[in-house]
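Listed here are the chains, written in short residue letters.
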Amino acid sequence: MPEVLLGGASFAPNVSTSAIPPSPAPDNRKRLRDVHTDWKSSKARSEDSVSACLRAVSLFEEFTGNTHVCELTRKQGDEFRLWLEHPDRKTTSKTARDRLIWVKSLLEFAAHDLGLICRSPWSGIEIAYQTTNKRRPWADDELTKFFTQPLHTAYELPKDRKAGADAAYWIPLLGLYTGARVGELAQLRTIDIESDAGVPMLSITNEGDGQRVKTTAGIRKVPLHSELIRLGFLDYVAKREKNGDATLWPALPARKGKPGGYFSHWFGIYRRPLGFGKYPDFHCFRHTVRSQLANAGIAEGLIDTLVGHEVAGSTGAKVYTHRGAKTLLQAIQVLSYPALALPRAYKATRADCI
């Protein structure tokens, strides 16, 4: 180190002469499974999302031979798309599209979040798909077959843990008379049953621990149909409150990231011996409710409010239009199922719960 002269005097600066080690170069030779690991840990992800994404990674590895992310080419992306769509794979166009989207999402994450590549080489590669949704309303004979089993005529609760005991009786009825999603019903707490202007309401929210809704439009209040009250639902709620239960379904196991996951699995199994095919399933209750409301002449915006769909129209209509509890009740009371004549199988009363 040369000496520095200051006013005729000299001194050597006290600086280490050892070489400063260079910053390590980023590891840009990661594989897609490594990117998946980083993506999974970057923030909270649902188990279903992580698993679905990992299945797409496995297909990517199978087709590309597990190419490093930094070595991927556009041609590989086009060939992967064609491979996913090939008839021999026997998957729907939507499934093929979903798997491609998962891989593309990881590549975008590798570029924008990890800096492993400048940009995704597969950006813009798409798979067109046709919807195969064959869901429909429940027919009268199907409703009769389902709701005239001992579960709903004699309150004989299933022993399968995934059914959640009392949940097996009440959740299908709530679906039939509210049009709510199974996950929205499975996550209900006792405090979510409240009164508004004297109208008993079911509050669907994402404010509680583990609660979630599909979209912001899903946050809503739905009046309780008089048939649910006749069958004893408010008495059941009172019993849960007396027991100090925070949840309406203390016996229903919770599945992380998907409140209605276990119940949906049980519901599918329960239907099989009754001779049902793939449809109608639980989601078809939503179709049943929406169809009845529409056929009765209920305004489209009011139906959207009740079932938790995005309300169409101007921003002003969405922001400043608020439906009163009694208006909502008049609409929900339109629901009628003449083919059903259910007895009150739930025996407890609110007097028993005081």
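Heads up: these notes are all about the structure in this document. (Residues numbered from 1 in each chain as written. Predicted model: local features only at pLDDT ≥ 70, side-chain atom pairs only at ≥ 80, totals over all residues. Heavy atoms only, no water.)

Applying the stated criterion across every chain, the model contains 18 salt bridges. The closest approach of N and O atoms between Arg-344 and Asp-235, which form a salt bridge, is 2.6 Å. Taken together, the residues span a long stretch of sequence, with Arg-344 in the segment after helix H15 (325-332) and Asp-235 in helix H10 (residues 233-242) at a distance of 109 residues. With relative accessibility at 7%, the residue Asp-235 sits in the buried group. Measuring nitrogen to oxygen at the nearest pair gives 2.7 Å for the salt bridge that ties Arg-290 to Asp-304. Here the residue Arg-290 occupies a position in helix H12 (residues 284-295), and Asp-304 occupies one in helix H13 (residues 300-307), the gap between them amounting to 14 residues. Assessed through its relative accessible area of 19%, Arg-290 is described here as buried. One salt-bridge network, in which partners are shared between bridges, spans Lys-94, Arg-97 and Asp-98. (Salt bridge = Lys/Arg side-chain N within 4 Å of Asp/Glu carboxyl O. Helix = DSSP H or I, 4+ residues; strand = E, 2+ residues; numbered from the N terminus. Buried < 20%, exposed > 50% of the residue type's maximum accessible area, 1.4 Å probe, protein only.)

This part takes up the environment of Asp-245. Within the secondary structure, Asp-245 is located in the loop between H10 and helix H11 (261-271). When the C-alpha positions of Asp-245 and Ile-191 are compared, they lie 9.9 Å apart, and in sequence the two are 54 residues distant. Within the structure, the side chain of Asp-245 is placed 2.7 Å from the side chain of Arg-240, a separation counted as a polar contact. (Polar contact = N/O pair within 3.5 Å; in protein donor to acceptor, adjacent residues only side chain to side chain.)

The subject of this paragraph is the side chain of Gln-76. Turning to its location among the elements, Gln-76 is positioned in helix H3 (residues 74-85). Among the polar contacts made by the side chain of Gln-76, one reaches the side chain of Thr-67 at a distance of 3.3 Å.

On to the sheet that holds strand E5 (residues 220-223). Two pairing modes exist for strands in a sheet, parallel and antiparallel, and in both the strands are linked by backbone hydrogen bonds. Ordered in space as E3-E4-E5, the three strands form an open sheet in which the pairing is antiparallel. Two strands lie at the open edges of the sheet, namely strand E3 (193-196) and E5, each paired on one side alone. Adjacent strand axes in the sheet meet at a mean angle of 45° when their direction is disregarded. Bridge count between E3 and strand E4 (residues 199-204): four bridges; the pairing is antiparallel. Within E4, the residue paired with Ser-195 across the bridge is Pro-200. (Pairing = 2+ DSSP bridges. Axes fitted to C-alpha atoms, helices over the stretch in contact; angles between N-to-C directions.)

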